[in-house]
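# Secondary and tertiary structure notes
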Amino acid sequence: MVTSEEEITHRLEERDVARSMRRAQAATTVGGLARRHAELAGQLAGLERELGEILRKASDVIDVPELAQVTDIPAADLTRWRDQTTKSARGGKRKRPSATTNDTTGTDRQAATGPRAARPAPPAEPESAGRAGGAVGAARG
């Protein structure tokens, strides 16, 4: 039995509707979770700043190893929180150089420093051509 064009269209529309509903549900869920993540990340950053400030202010009365020992918080975490506060107080992130000056191969730096100037220059064009022509002529003769 051959299915009519109308039936084929109807079946495709049903599948499209089901798929669209699932896509919309997935997008809505991901969007909501992403917003929640951003909110929680902001709260976490605030807590880490607060921890860092307290650690920095209390450093004259208790050091990180002792604090780690009495609180059972890893010293690495305490140090990271303390140092994050210190770094942000010193002026924030350092700007990266632009892509044109950030040559990872180092070719721009070598050209600018001048080691190429110390190398001997290649011979002039006429001498080079004369030698090549003489060699070819000698090989033929």
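Located above this text is the structure these notes cover.
Owing to the predicted nature of the structure, the values given are computational and were not obtained by experimental measurement.

### Some points on the overall build of the protein chain
- Check the secondary structure of the protein chain and you find 5 helices and 0 strands.
- Burial status across the protein chain gives 7% buried among its 141 residues.
- For the protein chain, the exposed area adds up to about 12,500 Å²; of that, 56% sits on carbon and sulfur atoms.

### Points about the pattern of salt bridges
- Under the definition given, this model contains 4 salt bridges.
- Across the pair R11 and E7 runs a salt bridge whose closest N-O atoms are separated by 3.2 Å. Of this pair, R11 and E7 are both found in helix α1 (residues 5-57), 4 residues apart, which corresponds to roughly one turn of the helix.
- R11 sits in the partly exposed class, given a relative accessible area of 44%.
- Among the residues examined, E7 registers a relative accessible area of 31% and is labelled partly exposed.
- We note a salt bridge from R82 to D83, for which the minimum N-O separation is 3.1 Å.
- Taking relative accessible area as the criterion, D83 reaches 27% and is therefore assigned partly exposed.
- Each of E48, D77 and R80 takes part in a single network of salt bridges with overlapping partners.

### Focus on helix α2 (residues 64-71)
- Taken as a whole, α2 has its buried residues at V64, L67 and A68. In a view along the axis of α2, the buried residues occupy a sector of 100 degrees, so they form one face of it. Away from its buried face by more than 90 degrees, α2 exposes P65, Q69 and V70.
- The opening residue of α2, the one whose side-chain oxygen lies 3.2 Å from the backbone nitrogen of E66, is D63.
- Downstream of α2 by one or two residues, D72 has phi in the positive range, about 60 degrees.

### Describing α1
- Taking 1.5 Å per residue as the helical rise, α1 with its 53 residues ought to reach 78 Å, and the 77 Å between its terminal C-alpha atoms agrees with that figure.
- Within α1 the residues assigned to the buried category are E48, G52 and L55.

### Points about the side chain of E48
- By the element assignment, E48 lies in helix α1.
- Among the residues examined, E48 registers a relative accessible area of 19% and is labelled buried.

Procedures and definitions
Residues numbered from 1 in each chain as written. Predicted model: local features only at pLDDT ≥ 70, side-chain atom pairs only at ≥ 80, totals over all residues. Heavy atoms only, no water. Helix = DSSP H or I, 4+ residues; strand = E, 2+ residues; numbered from the N terminus. Buried < 20%, exposed > 50% of the residue type's maximum accessible area, 1.4 Å probe, protein only. Areas by Shrake-Rupley, 256 points an atom, 1.4 Å probe, with all protein chains shown as cover. Salt bridge = Lys/Arg side-chain N within 4 Å of Asp/Glu carboxyl O. Arc of directions from axis to C-beta. Polar contact = N/O pair within 3.5 Å; in protein donor to acceptor, adjacent residues only side chain to side chain. Expected span 1.5 Å × (residues − 1).

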